[in-house]
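As a plain string of letters, each chain reads:
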Amino acid sequence: MFDLGQLNRVANFLGWGSRPPKVDGAVRIGLIGASQVSTYAVVWPAQKLATCKVVAVAARDGSRANDFAKFHGIPKAYGSYEELLADPEIDAVYIGLPNGLHGAWSSRALQAGKHVLCEKPFTANYEEAKQVQDLARRSKRLCREAFHYREHPLMTRLQQLVAPGGPLGQVSRIDAKLLIPNWVFGSGNIRFMEDLAGGAMMDAGTYCAHASRTLAAASGAPSGITVTSAAAKLRPGSKLVDGAMVVNWSSSPSEASSPPAAAQSGWASLLRAWSRPVAAGGTGPEVRGRFLASLQHDGPVPVTEINIKGSRGSLTCQGFVVPFFGHMIQVKTSEEGGQGGQAPRTRQWTERAYGSGQTTYYYQLERFVTDLQALDGAKQKGSSSSSSSSALARATSALREDEADALANMRFIDQAYTASGLPVRFPTGSSVKIQAPAGSTPVPLGSTSVRFPTGSTAKIQAPAGSTSVRA
């Protein structure tokens, strides 16, 4: 049956339809990077919001910035990111650059007094994420990782369904898949470049990690989740960049991680294990899960799926990453029968949660602007009144939540790389220290190949072709 509402949702994604006039004091946004993601993550949703406007775009190539600005009706174009950050008529920036540049330009934006909405992953690794969030805290600026999917009513509904006392009972397993077909990204795509912090775990894997963490927390898991084992399938011709990753995790802080193995060595066994059904487990507070994230899926279409098991039922959600293009929640529960040994009663139903029909990017930008205005408004008014004190408290809470969430996700990603036998990612153009995984094999970086002694720490120079800086 054709869904007429889908036409409206696609139109909303493209920024079509009515465009409300901008209010006085609308948040002025600059784009760091004239990229495709900047278009659908900010330009199009901003056209549907009265409270913000895109006023500038910057690219390393001035002509590219000019073309982008002209096409989208953006007033200003800059041929360098530094010029945009120096513009006093910009309140916030969106950073849609390659992974390895996220941390550096988030930091520079914060130093320039701008609020930041940074595309996922937040930084190249956990240590860099700590540095950026420390700076955000000191500067009292909003610095948020752009996980757009979480802002949609679908994710709100999933959290309700897995909550303690919900229809699934005590949740014990959360599994996810995000598979992107081979044809979507070419071999030269930035997602596969060593010196740009590339890899499947840094792309599709970030969604799986974040959704697993979010739903585990909503189900009542007491202390977050930790990687217990992982295996990577490397990109053809690379010994560093993962084209796919399988990760197993647990919410039990006492559950030991498996020893890391050389990349690829555990991939076949973990993939075989993935195809076998997994029991829901016990009814205690521990939650376990696994996910498969791939940028080299052999299938013809993307797969985005979450499967959840509880003591009283199960749930499958398809289309969780871009739910405005279509999604479905299928729930099955079992309740005890009545007197006389009656069989358990089973219920099955299907849900969808589209809300107002806007996109994940619209909801993301709307909340970012609302929190930014609350923070700036509270700072300007001071704390002399109860209303301003309340606004400041809400804004401060948003800052703390952003910091904790970004750090937890980058820590989990680092754990996955270490458990798979691969090094954590590093910022573009930098020299970094990484812990060598036990039993690791030579990792070529540019023209350099380094072998790690077991348990040692080695300094690795960024790949050939990146900008040289002192370590």
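Because the structure is a prediction, the values reported are computed rather than measured. (Residues numbered from 1 in each chain as written. Predicted model: local features only at pLDDT ≥ 70, side-chain atom pairs only at ≥ 80, totals over all residues. Heavy atoms only, no water.)

> So what's going on with the overall build of the protein? Residues and values would help.
In terms of regular secondary structure, the protein is built from eleven helices and 18 strands. Within the protein, the fraction of its 471 residues that count as buried is 55%. Contacts in the protein between residues far apart in sequence, at least 24 positions, make up 71% of those at least 6 positions apart. On the protein, roughly 20,600 Å² of surface is accessible, and the fraction owed to carbon and sulfur atoms is 52%. (Helix = DSSP H or I, 4+ residues; strand = E, 2+ residues; numbered from the N terminus. Buried < 20%, exposed > 50% of the residue type's maximum accessible area, 1.4 Å probe, protein only. Contact = heavy atoms within 4.5 Å. Areas by Shrake-Rupley, 256 points an atom, 1.4 Å probe, with all protein chains shown as cover.)

> An account of the sheet that holds strand β4 (residues 92–95) is requested, with residue identities and associated values reported.
Strand order in the open sheet made by the six strands is β3-β2-β1-β4-β5-β6, with parallel pairing throughout. The open sheet is flanked by β3 (76–78) and β6 (143–146), the only strands paired with a single partner. Taken pair by pair, the neighbouring strands of this sheet meet at an average axis angle of 25 degrees, ignoring direction. (Pairing = 2+ DSSP bridges. Axes fitted to C-alpha atoms, helices over the stretch in contact; angles between N-to-C directions.)

> Residues and numbers for the sheet that holds strand β10 (residues 288–297), please.
The strand order across the open sheet formed by eight strands is β8-β9-β10-β7-β11-β12-β13-β14, and the pairing between neighbours is mixed. At either margin of the open sheet sits one strand with a lone partner, and together these are β8 (226–234) and β14 (345–351). Taking the axes of each pair of neighbouring strands and ignoring which way they run, one obtains an average angle of 10 degrees across the sheet. Taken together, the seven bridges between strand β9 (residues 242–250) and β10 define a ladder with antiparallel strand orientation. Bridge pairing in β10 places serine 250 opposite arginine 288. Its contacts with the sheet place helix α8 (residues 204–218) against β7 (171–181), β9, β10 and β11 (303–310), and it is angled at close to 160 degrees to β10.

> Give me helix α1 (residues 4–13): which residues, what numbers.
Among the residues of α1, those classed as buried are Gln6, Arg9, Ala11, Asn12 and Phe13. Positioned one or two residues after α1, glycine 15 has a phi angle of 75 degrees, which is positive.

> Lay out the packing of helix α5 (residues 102–111) against helix α6 (residues 126–139) in plain terms, naming residues and giving numbers.
Interhelical geometry of α5 versus α6 gives an angle of 10 degrees and a closest axis separation of 10 Å. Comparing the axis directions of α5 and α6 gives the class roughly parallel. From α5, Gly103, Ala104, Ser106, Ser107, Leu110 and Gln111 reach across to α6, where they touch Glu128, Val132, Leu135, Ala136 and Ser139. Residue composition of the contact of α5 with α6, by class: five nonpolar, five polar and one charged. (Parallel < 35°, antiparallel > 145°, perpendicular 65-115°, else oblique. Nonpolar A, V, L, I, M, F, W, Y, C, P; charged D, E, K, R; others polar.)

> Report on the nonpolar core, specifying residues and quantitative values.
Formed by 85 residues in total, the largest nonpolar core has its most connected members in Met201, Phe291 and Ile306. Setting aside chain neighbours within four positions, we find methionine 201 in contact with Thr206, Ala209, Asp242, Met245, Val247, Phe291, Phe412, Ile413, Ala416 and Tyr417. Counting 36 residues, the second largest nonpolar core, distinct from the first, contains Leu31, Tyr361, Val369 and Leu399. (Core = buried A, V, L, I, M, F, W, Y, C linked by side-chain atoms within 4.5 Å.)

> Tell me about the confidence of the model for the protein, and please be specific about residues and values.
Residues at a pLDDT of 70 or more form 80% of the protein, whose mean pLDDT is 86. Here residues 279–283 is a poorly scored stretch, pLDDT under 50, and it has eight contacts once near neighbours within four places are set aside; other chains count. For the stretch residues 431–471, pLDDT sits under 50, and the model shows 75 contacts to residues farther than four places along the chain or on other chains. (pLDDT = per-residue confidence, 0-100.)

> How would you summarise the pairing of strand β1 (residues 27–32) if you had to cite specific residues and measurements?
With five of six residues buried, β1 lies mostly within the body of the structure. Sheet analysis places β1 next to strand β2 (residues 52–58), joined by six bridges and oriented parallel. Among the inter-strand pairings, leucine 31 is bridged to a residue of β2, identified as valine 57. For the segment spanning β1, helix α2 (residues 36–47) and β2, crossover handedness is right-handed. Pairing of β1 with β4, which is carried by four bridges, proceeds in the parallel orientation. Its bridge partner lying in β4, glycine 30 is registered against valine 93. (Right-handed = clockwise from strand over helix to strand, strands pointing away.)

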